[in-house]
Each structure stands twice: as structure tokens, then as C-alpha cells.
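Each chain is listed here by its residues.
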Amino acid sequence: ARDPAILLLDEPFSALDAPTRADLRRELPRQAKALDIPVLLVTHDLREAAELGDAIVPVADGRHAPEW
């Protein structure tokens, strides 16, 4: 897509080996900054979410889960 308004990443690291996952966790913030667009990262890994996210929105059963 040309000039996307947002980048959606759905479990982008789930099938990677640990060293590659670590490398890409360091690279993603650099790429996101270079793109200068919001990045929506879907993950089940709380450490990954805390490390990469500016904000975390927990979801359960397809809805925002504020009690999380």
C-alpha cells in the first residue's frame, strides 16, 4: 500500500526463533519511527506489549477489558 495511514501487525513475532525475535523487537521501534505512522501491534505476550507499546488495550471476547 502506498502511504498507509496505519501499520497493523498481528502476532508478527509468534513463529520466530528467540534470537530473531529479539533482533526484530529492537528493530521495530526504529522502523515505526522512520515510517512516522501509528503501529497497532496485536500480541498475547505481555512482555512484548510492555516493551514495544506506548499504550496497551487489553481485549477479551472481542471487547475492551478494562478490568485487566
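Conventions adopted
Every chain begins its residue count from 1, and numbering advances along the sequence as written. pLDDT decides what is reported in this predicted model: residues at 70 or higher carry local features, side-chain atom pairs at 80 or more are listed and counted, and totals for whole chains, interfaces and linings draw on all residues regardless. Excluded from the side-chain calculations are hydrogens and water; all other atoms, namely the structure's heavy atoms, are used. Every definition here rests on a 1 Å grid over the protein atoms only: cavities are sets of points where a 1.4 Å probe fits but cannot get out, pockets are open sets enclosed by protein on both sides within 12 Å along at least five of seven lines, and lining residues have some atom within 4 Å of a point. Grid points are joined across faces, edges and corners, and a volume is the space filled by probe spheres set on the points. By the criteria applied, helices consist of DSSP H or I runs no shorter than four residues and strands consist of E runs no shorter than two, each listed in order from the N terminus. Three categories are distinguished: nonpolar for Ala, Val, Leu, Ile, Met, Phe, Trp, Tyr, Cys and Pro, charged for Asp, Glu, Lys and Arg, and polar for the others, with Gly belonging to the last.

(A) The layout of surface pockets, seen in detail. There is about 780 Å³ of room inside the largest pocket. If you go around the largest pocket, you meet 23 residues; those closest to its centre are Leu41, Val42, Thr43, Ala49 and Ala55. Within the residue set of the lining of the largest pocket, elements represented by two or more residues are α1 (18-35), β2 (39-42), α2 (46-52) and β3 (59-60). No other element matches the 4 residues that β2 contributes to the lining of the largest pocket. Residues that form the lining of the largest pocket fall into these classes: 19 nonpolar, 3 polar and 1 charged.

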